[in-house]
Amino acid sequence: MSSDLSINDLISNLNGVGPIQRTKFESINIFSILDLIYYFPRKYIDYSNLVSINDLTPGDVCFKATIDKVCGRYSKRGLHITEAVAYDQTGSVKLIWFNQPYRKQTIKHDVVYLINGKFNLFSGRLLVNNPSLELMSDFPVNSARIIPIYSATKLISSKTIRQTMATIFKNDLQLPESLPKETLSKLQLMSLKQALYEVHFPKSFDSLEKAKYRIAFDEVLVLFLAARINKKNLAKEHALKIDVNIDLVKNFIQTLNFKLTNSQRQIIWQILLDFQKDYPMNRLVQGDVGSGKTIVALVASLNFLTNNFQVCFIAPTEVLAIQHYHTITELLKAVHLDDQVILLTGSTSPSSKIKIKDQIGHNEVKFIIGTHALLQEDVKFSNLALIIVDEQHRFGVKQRQAIQNKTSYQPHLLALSATPIPRSLALTLFGELSISRLKDKPINRHPIITEVIPESNIELVYQTIRQKVNNNEQVFIVCPAITSDNFFKGKSVEFIYQELKEQVFSDLNLGLIHGQLKSKVKNEVMQKFIDHKIDILVATTVIEVGVDVPNATVMVIFDADQFGLAQIHQLRGRVGRGEKTGYCFLVGERNIKQNARIKILEKSSDGFYLAEEDFRIRGAGSIYGENQHGALDLKFANLDDKKLLDKARIESQKIFKSDPELIQYKIIKDKIEKLNNISLLN
Ligand code: ADP
Ligand code: MG
């Protein structure tokens, strides 16, 4: 065995990892040894829990068996189904996989597999749904009793990952400790190297828990340190003080055909004060859908526009960018600044792009609206002083730097978000931001009528839909999943779309939108809905951060109990934005009416209250969600663990005081760097 393996070595430096293996690893974003050792198992199988087929009971099961009678077919709806039968001495059981056609080719006969999956009722019979398969021969009799299972893909198997992992730890791996010895002993934490080893090759579930806790500690420590460091770096930056012309602000506000809410006034004032400070503004404005965040941002921009500075407004989608462009141009007419507004997105034609970039570069336009395309290298601002980011909780520090590189000073940042994150969570996640909340809503809003409905009464919902569509109104239908690769829980948009299109509403115009569609297709579908060429839009939560379609009045949410309260609240904010009353139907299983959590939605329309309730009932995960979990890079840390947070916070203070540049903390510093590269919760 070669010795002295460094964590920064490329994966191809390992014995046995050739060019083909290397590309396989790269397909799951593993390039270095470090990447691989931080690729943690998806789950663990307790070998001592194996049962025989005869003794299987519904739920998560694990057994060893041979497999035969593998066949693949397509369902009526075009879904690929692979079926097979597993045998042991006691009996046989059916296995089923959805949308994994490669299974048929890869399953071998006459070998024993370790099979793990959900044993459940499907079409009236019990079978094992989407099981993972491991060759029994990969586990020598005397190997550990806890087996790590990694997320595998078509290209790379859990076994390859496990074997390569074993090779790494057999080498003399040079893995620096991320924390001082005193900290480890004081907090009784495992060493990093031991923790990483235990996570991949656990001796016992007890040591596995300790290992996870140690890694979780590092994860939160990184969050706290990142906030401290970013905040300090920002405070060092030279701010651009602008002379705020209060009359301009007042005049503009008077041109509006509504009165600002108290929250809007207060936050505008806060922002204008921020512009007088020595360091750049870094503010997050949280407010429910429809609470009027755009106006706040627009008022904040006025003085830049008249002082020859540029403002850049970044929207999460093209459709939203276009919509903002129209509203903002319209509103700025009153103060004769509308000719300063320009739109630049991915679909702007190449020739217009050249012209627009030229105008931006020569400061001929001052209010630049677009998507992330604006952050591309070749957009050269001439005098950018304020960046507004809509519907994104955290603008990546790196993204901000990318823009800063185009200016001689650090621009101010104003982030707008409709997700009401609980205060304590916000302090952990976005410690470097100042946070303002738009608490009260414009008075002319109709409340949305929310009703919880068991699926057996779905006909009532369909009747309402038909009635509203006959009345020229439009409908959103939201499901938690894209495909029905798991028939047992969760309605999918593809399933519902087909069913409604073929049976219930075959005479109406239906649209389908979800995150796996190309963004061009998504934009087209959304535009069709806006143009009322679609009556009913079946969607995943991609519409959550969405557009204003005042004509949409009904929001139906299937399997509502699978969503967070704040999330549902945001979804229902999509309807009833115009003159007509909005309806929200929360559909679920028979007993959904007894679901106290979901019932809260019938009573409260306060997004902040709902978020705090969600946080209290379901914990942090329900707020920042599964995907975001990945972006945050929290593999083991549980943000509900107050003790863990407290300990890490105290430690971060100490580290920051003694070594503000993190010279002694290379691993942590690298992780902060990585964190700064991503934007969270977007
Ligand atoms: P969001 O916070 O969801 O971004 P918008 O800024 O898009 O909300 O505002 C929603 C609508 O409410 C817009 O049509 C806007 O002009 C209007 N609006 C904003 N503030 C007020 C207010 N104080 N009174 C009445 N209408 C308002
Ligand atoms: Mg908005």
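Up top is the structure these notes are about.
Remember, it's a predicted structure, so these values are computed and weren't measured experimentally. (Residues numbered from 1 in each chain as written. Chains lettered and ligands numbered in written order. Predicted model: local features only at pLDDT ≥ 70, side-chain atom pairs only at ≥ 80, totals over all residues. Heavy atoms only, no water.)

Novice: Summarise the site of ligand 1; cite the residues concerned and give the values.
Specialist: The environment of ligand 1 is formed by 16 residues, the closest being Lys259, Gly290, Lys293, Thr294 and Arg445. A distance of 2.6 Å is found between an oxygen atom of ligand 1 and a side-chain nitrogen or oxygen belonging to Thr294. A class-by-class count of the residues in the shell around ligand 1 yields four nonpolar, seven polar and five charged. (Near = heavy atom within 4 Å. Polar contact = N/O pair within 3.5 Å; in protein donor to acceptor, adjacent residues only side chain to side chain. Nonpolar A, V, L, I, M, F, W, Y, C, P; charged D, E, K, R; others polar.)

Novice: Go over the sheet that holds strand β5 (residues 91-98), please, and point to the residues and values.
Specialist: Within the closed barrel, the five strands sit side by side as β3-β4-β5-β7-β6. Their pairing is mixed. Strand after strand, the sheet turns through a mean of 50° between neighbouring axes, direction not considered. When strand β6 (residues 113-122) meets strand β7 (residues 125-135), the two strands line up antiparallel, connected through nine bridges. Within β7, the position partnered with Lys118 by the bridge is Asn129. (Pairing = 2+ DSSP bridges. Helix = DSSP H or I, 4+ residues; strand = E, 2+ residues; numbered from the N terminus. Axes fitted to C-alpha atoms, helices over the stretch in contact; angles between N-to-C directions.)

Novice: Residue-level account of the pairing of strand β19 (residues 510-513), with values.
Specialist: Side-chain positions along a regular strand alternate between the two faces of the sheet. Residue alternation in β19 divides its side chains into two sets, Leu510 and Leu512 and Gly511 and Ile513, and both sets are buried. Relative to strand β20 (residues 536-539), β19 runs parallel, the two sharing four bridges. Bridge pairing in β20 places Gly511 opposite Leu537. You can see the chain leave β19, run along helix α17 (residues 519-530) and come back into β20, and the turn it takes is right-handed. (Buried < 20%, exposed > 50% of the residue type's maximum accessible area, 1.4 Å probe, protein only. Right-handed = clockwise from strand over helix to strand, strands pointing away.)

Novice: Give a detailed account of the packing of helix α18 (residues 565-572) against helix α19 (residues 596-603), specifying residues and quantitative values.
Specialist: Close contact between α18 and α19 brings their axes to 10 Å; oriented N to C, the two are set at 35°. Like other packed secondary-structure pairs, α18 and α19 cross with a definite hand, here right-handed. Here α18 contributes Leu565, Ile568, His569 and Arg572 to the contact with α19, which in turn contributes Arg597, Ile598, Ile600 and Leu601. When the residues that make up the contact of α18 with α19 are grouped by side-chain class, the tally is five nonpolar, one polar and two charged. (Left-handed = near helix turned anticlockwise from the far one by under 90°. Contact = heavy atoms within 4.5 Å.)

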